[in-house]
Each structure stands twice: as structure tokens, then as C-alpha cells.
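Architecture at a glance
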Amino acid sequence: MIAETDDHYNIIFKDISFAVRSPNPIDRRLDFSAYFLALIKTLSERGIDFSQIRKSCLEIVTEYVRPKNKLQGYLKKLPAKLTNTWIANKIIARLNKRMSTNPHPDGFVANIITDKEQTFGLGYGFDILECGICKLFAKHQMEEYVTLLCEVDEITSGLAGLQLIRSGTIARGANCCDFRFKKESPPVEIG
């Protein structure tokens with residue numbers, strides 16, 4: 001199965017090779033998405049149904065992104081803790097310039113939102129206006145599976161100590177993917 005997935009990935013990679021050097025940092029997500037798509041193609045060709053593909057892929061990705069130690073866990077939560085600091089504001093302004101342009105037609109376009117009223121008080125969110133993942137899955141006639149990557153967004157946000165709140169995604173027919181976050185409250189320790 002790994003060899004089949006690798007074969008699919010090698011074919012798909014040709015469509016996302018631009019992402020490796022793209023000035024748009026979101027485009028770099030396409031490499032992971034290409035391997036995810038390759039795995040889905042392999043499972044689909046083996047006759048596995050959608051629900052089992054979904055279950056398997058989400059289990060794999062959850063383990064892949066899960067912090068393996070306390071340091072990794074801390075680093076995943078650090079960006080949310082730095083929101084609204086002077087350094088974060090400078091980084092966000094630079095990122096917004098790079099994310100809001102489309103250097104490649106198969107890539108992403110996004111705008112960062114810093115208005116606290118629009119971001120549940122966090123001061124950070126973003127709208128994806130063009131989704132490179134949707135484009136990639138469509139190019140390979142696998143649109144029915146693209147929403148799985150929307151679920152991955154929820155997993156990674158949770159690991160960052162954030163609750164992802166959105167009204168829609170491009171994969172589900174919306175005009176944009178709106179990423180808004182609330183900081184999750186730390187668990188209360190009793191004892």
C-alpha cells in the first residue's frame with residue numbers, strides 16, 4: 001500500500017511542485033495535501049468506501065500532527081499565545097502581503113483578518129479566497145474527499161489550543177473558507 005501511495009504521490013507532485021518555492025506560505029500545505037490525496041486514491045482504488053477512508057485518514061493525520069513530547073505541544077500552542085504582541089503583528093502584516101497574492105494559478109489566496117470584532121476578540125483569523133487543495137482534488141477528480149482536509153483544520157486548531165469557528169468552506173460550496181478562532185480554556189484541575 002505504501003508503494004502504491006508513493007506512486008500516486010509522484011504523479012500528483014508534478015501538479016504541486018511550484019509550492020516548494022512559492023512565496024505564499026499557505027501553498028506549502030499542498031505537499032502534505034498531495035500525499036493525503038495519494039493515500040485516498042490508493043484506498044479508493046482498493047474499493048474501500050468513503051466512511052472507512054475518512055476514518056483511516058483522520059486517524060493517520062491525528063497521529064501525524066499530534067505533539068510527540070511536551071516541547072512540541074508547547075510550540076504548537078505558542079502562536080496563539082503570541083497573538084496581539086508587537087512581534088506577531090509585524091509577522092502577520094508580512095504574511096498577509098504574501099498570502100493575498102496568487103503567484104501560481106493552482107495555489108492559495110487568503111486575507112488575514114486582525115479586527116477583534118470579526119475574530120471573537122482574538123485579533124487573528126483569515127479567509128481563504130482560493131483554495132489550492134480544492135483545485136488539486138478537482139484536478140484529480142477526487143472532489144468528494146476534499147472535505148476531509150477541512151476536518152484536519154479542526155484537529156490542528158485544537159492542538160494549537162484554539163477552537164476553529166467557521167461559517168463555511170469552499171469545499172462545501174461557500175465563497176471562502178473563513179477561519180476564526182477562540183482560545184480554548186485550559187482544563188481545570190481538581191484536587
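Re the overall build of the chain
Looking only at helices and strands, the chain has seven helices and four strands in total. For the chain, whose C-alpha radius of gyration is 17 Å, the value lies close to the compact-globule estimate of 16 Å for 191 residues. By principal-axis analysis of the C-alpha atoms, the chain measures approximately 50 × 45 × 30 Å. Residues classed as buried in the chain amount to 41% of the 191 residues present. Of the roughly 11100 Å² that the chain leaves accessible, carbon and sulfur atoms contribute 56%.

What to know about the nonpolar core
If you look at the biggest cluster of nonpolar residues, it comprises 45 residues, and the most contacted ones within it are Phe36, Ile40, Ile128, Ile133 and Phe137. Filtering out sequence-adjacent residues up to four positions away, Ile133 remains in contact with Arg29, Leu30, Ser33, Phe108, Val146 and Leu149.

Brief notes about the sheet that holds strand S1 (residues 109-113)
Taken in spatial order, the four strands of this open sheet run S1-S2-S4-S3, and their pairing is antiparallel. Whereas interior strands pair on both sides, the edge strands pair on one side only; in this sheet they are S1 and strand S3 (162-165). Averaged over all pairs of adjacent strands, the angle between strand axes in this sheet comes to 20 degrees, irrespective of strand direction. Taken together, the five bridges between S1 and strand S2 (residues 125-130) define a ladder with antiparallel strand orientation. Looking across to S2, one finds that Ala110 is bridged to Ile128.

Rules and cut-offs
Residues numbered from 1 in each chain as written. Predicted model: local features only at pLDDT ≥ 70, side-chain atom pairs only at ≥ 80, totals over all residues. Heavy atoms only, no water. Helix = DSSP H or I, 4+ residues; strand = E, 2+ residues; numbered from the N terminus. Rg over C-alpha atoms; globule rule 2.2 N^0.38 Å. Buried < 20%, exposed > 50% of the residue type's maximum accessible area, 1.4 Å probe, protein only. Areas by Shrake-Rupley, 256 points an atom, 1.4 Å probe, with all protein chains shown as cover. Core = buried A, V, L, I, M, F, W, Y, C linked by side-chain atoms within 4.5 Å. Contact = heavy atoms within 4.5 Å. Pairing = 2+ DSSP bridges. Axes fitted to C-alpha atoms, helices over the stretch in contact; angles between N-to-C directions.

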